[in-house]
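The residues making up each chain are set out below.
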Amino acid sequence: GQKPWPRGSLRLIDCGGVPAQPLNSAERVDELTRHPSFHRDGDAWVVSYVKSGTTWTIGLLAALTDHPAAEYSGNLQKTTRTFCPQPELPDLGWGDDGFGHSTDELEAWPSPRYFKSHWPSRDFLVPNGKSKFIYVVRNAEDQMISHWNQVWGMGFHYGTTDRTFEGGWDDFVEDWLAGNVENGSWFDHVAGWYSRSKDDPSSVLLVRYEELKTDTESVIRKVASFIGLDQPGDRKMPKILDLTSFERMKASDESDVGLRFMRWLGVLRKHHIRQGEVGSGELTLTQKQREALEQGYKTKLKPLGVPRNW
């Protein structure tokens, strides 16, 4: 069994000092960290704090590389299994119905390999001279609201089944501000990856979720250039935009048979791909919570030059 995370109100595990959702494994993180040879030239990772545009960015990558996963890019489980594995998730024996892979499977994956991760800039994701990382960052308040939608929606997973959507919000915000949510403090996570994007722009590309929304084409061109792919031409670009449109991805998420069954059982109360809006949300922060958010920015991010409007 995994060691529980000792603080906060959510059901999380302790992966070497990083709070993680229960599908992760401290043993897997340790194994990857002890074997930096896991990384290969040509590997590209999509990394983000959860609910920041990971699935969308992976869909863009699939469409750019003409992978069949582009056709079902909103289907998180299927995309993770067939195109962009998440190495910190071990194989739980569910095969193609699960998310994780064995390390043997990942080692045998043909290059170029594309991975996803929500891990901070540490452990198996320290600079290695081989992998490239696309780091997706989203406005803190929008991320927080989307994150709570997931945590409440998957109550069986995070231990929030006894809370109402509105009633559990304040406790979640306190956990979020204290870093007692999966992958720890949002401020530390962004600070670590932002610093690397400035120190070594050839290995870390920073993409903003808001830019994905307002200028998708520009982000696609940046990503293609960053990982050494040909720029999409006049015929390919519209296809990429269509395959990864919010409507198309939401439909793919909603048609996933496994997720539909979980919703029917009542163990899944929200959709994975929900609104995708910038500056949206039915939940709000109190003045005190906003002040704590502001303090986090001033302490952790402002000294690095991270713009305030993020």
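Cut-off values and rules
Residues numbered from 1 in each chain as written. Predicted model: local features only at pLDDT ≥ 70, side-chain atom pairs only at ≥ 80, totals over all residues. Heavy atoms only, no water. Helix = DSSP H or I, 4+ residues; strand = E, 2+ residues; numbered from the N terminus. Contact = heavy atoms within 4.5 Å. Pairing = 2+ DSSP bridges. Axes fitted to C-alpha atoms, helices over the stretch in contact; angles between N-to-C directions. pLDDT = per-residue confidence, 0-100. Left-handed = near helix turned anticlockwise from the far one by under 90°. Nonpolar A, V, L, I, M, F, W, Y, C, P; charged D, E, K, R; others polar. Phe/Tyr/Trp six-rings, centres within 6.5 Å; stacked < 30°, edge-to-face > 60°. Buried < 20%, exposed > 50% of the residue type's maximum accessible area, 1.4 Å probe, protein only. Arc of directions from axis to C-beta. Salt bridge = Lys/Arg side-chain N within 4 Å of Asp/Glu carboxyl O.

Peer 1: Describe the overall build of the protein chain, listing the residues and the values that go with them.
Peer 2: Along the protein chain, the regular secondary structure elements total 14 helices and six strands. In the protein chain, once contacts between residues fewer than 6 apart in sequence are set aside, the share between residues at least 24 apart is 71%.

Peer 1: Run through unusual backbone geometry, naming residues and quoting values.
Peer 2: With an omega dihedral of -5 degrees, the bond running from Ser-111 to Pro-112 counts as a cis peptide bond. Even without being glycine, Asp-123 reaches a positive phi, approximately 50 degrees. Positionally, Asp-123 belongs in the loop between strand E4 (114–117) and strand E5 (132–137).

Peer 1: Provide a residue-level description of the sheet that holds E5, including the pertinent values.
Peer 2: Taking strand neighbours across the sheet as the criterion, the four strands line up as E4-E3-E5-E6 in an open arrangement whose pairing is parallel. Of all strands in the sheet, those with a lone pairing partner are E4 and strand E6 (204–208), marking the two edges. In this sheet, adjacent strand axes meet at a mean angle of 20 degrees when their direction is disregarded. For strand E3 (residues 44–48) and E4, the ladder comprises four bridges, and the chain directions are parallel.

Peer 1: Tell me about the confidence of the model for the protein chain, and name the residues and values.
Peer 2: Confidence in the prediction of the protein chain, expressed as mean pLDDT, is 90, and 89% of residues score 70 or more. Every residue in residues 261–265 scores below 50 in pLDDT, and together they form nine contacts with partners more than four places removed in sequence or on other chains.

Peer 1: How would you explain the packing of helix H2 (residues 54–64) against helix H10 (residues 216–226) if you had to name every residue and give the values?
Peer 2: It is the contact of H2 with H10, at a shortest axis distance of 11 Å, that shows an interaxial angle of 65 degrees. As for the relative orientation of H2 and H10, their crossing is right-handed in sense. Between H2 and H10, the residues in contact are Trp-56, Leu-60, Leu-61 and Leu-64 and Thr-216, Ile-220, Val-223 and Ala-224, respectively. Split by residue class, the contact of H2 with H10 holds seven nonpolar, one polar and no charged.

Peer 1: Give a description of the packing of aromatic side chains that names residues and reports values.
Peer 2: Following the criterion strictly, the structure yields 16 aromatic pairs and no others. Ring geometry for Trp-152 against Phe-165: centres 5.3 Å apart, planes inclined by 65 degrees, an arrangement best described as edge-to-face. Taken as a pair, Trp-152 in helix H5 (residues 140–153) and Phe-165 in the loop between helix H6 (155–158) and helix H7 (169–178) lie far apart in primary sequence, 13 residues in all. Take Trp-152 and Phe-165: they sit in the same class, and that class is buried.

Peer 1: Run through H7, naming residues and quoting values.
Peer 2: All buried positions along H7 are accounted for by Trp-169, Phe-172, Val-173, Asp-175 and Trp-176. Taken around the axis of H7, the buried residues stretch over an arc of 160 degrees, which confines them to a single face. Next to the buried residues of H7 lie H5, helix H8 (186–199) and helix H14 (287–301). Remark: Gly-179 follows H7 within two positions and exhibits a positive phi of approximately 80 degrees.

Peer 1: An account of the pattern of salt bridges is requested, with residue identities and associated values reported.
Peer 2: Under the criterion given, the structure shown has 14 salt bridges. A salt bridge links Asp-162 to Arg-163; the shortest N-O distance between them is 3.9 Å. Classification of Arg-163 by relative accessible area gives buried; the value is 16%. The partner of Arg-221 in a salt bridge is Glu-217, with the nearest N and O atoms 3.5 Å apart. On the criterion of helical spacing, the pair formed by Arg-221 and Glu-217 is a turn pair, its members being four residues apart in helix H10. By relative accessible area, Glu-217 is classed as partly exposed at 35%.

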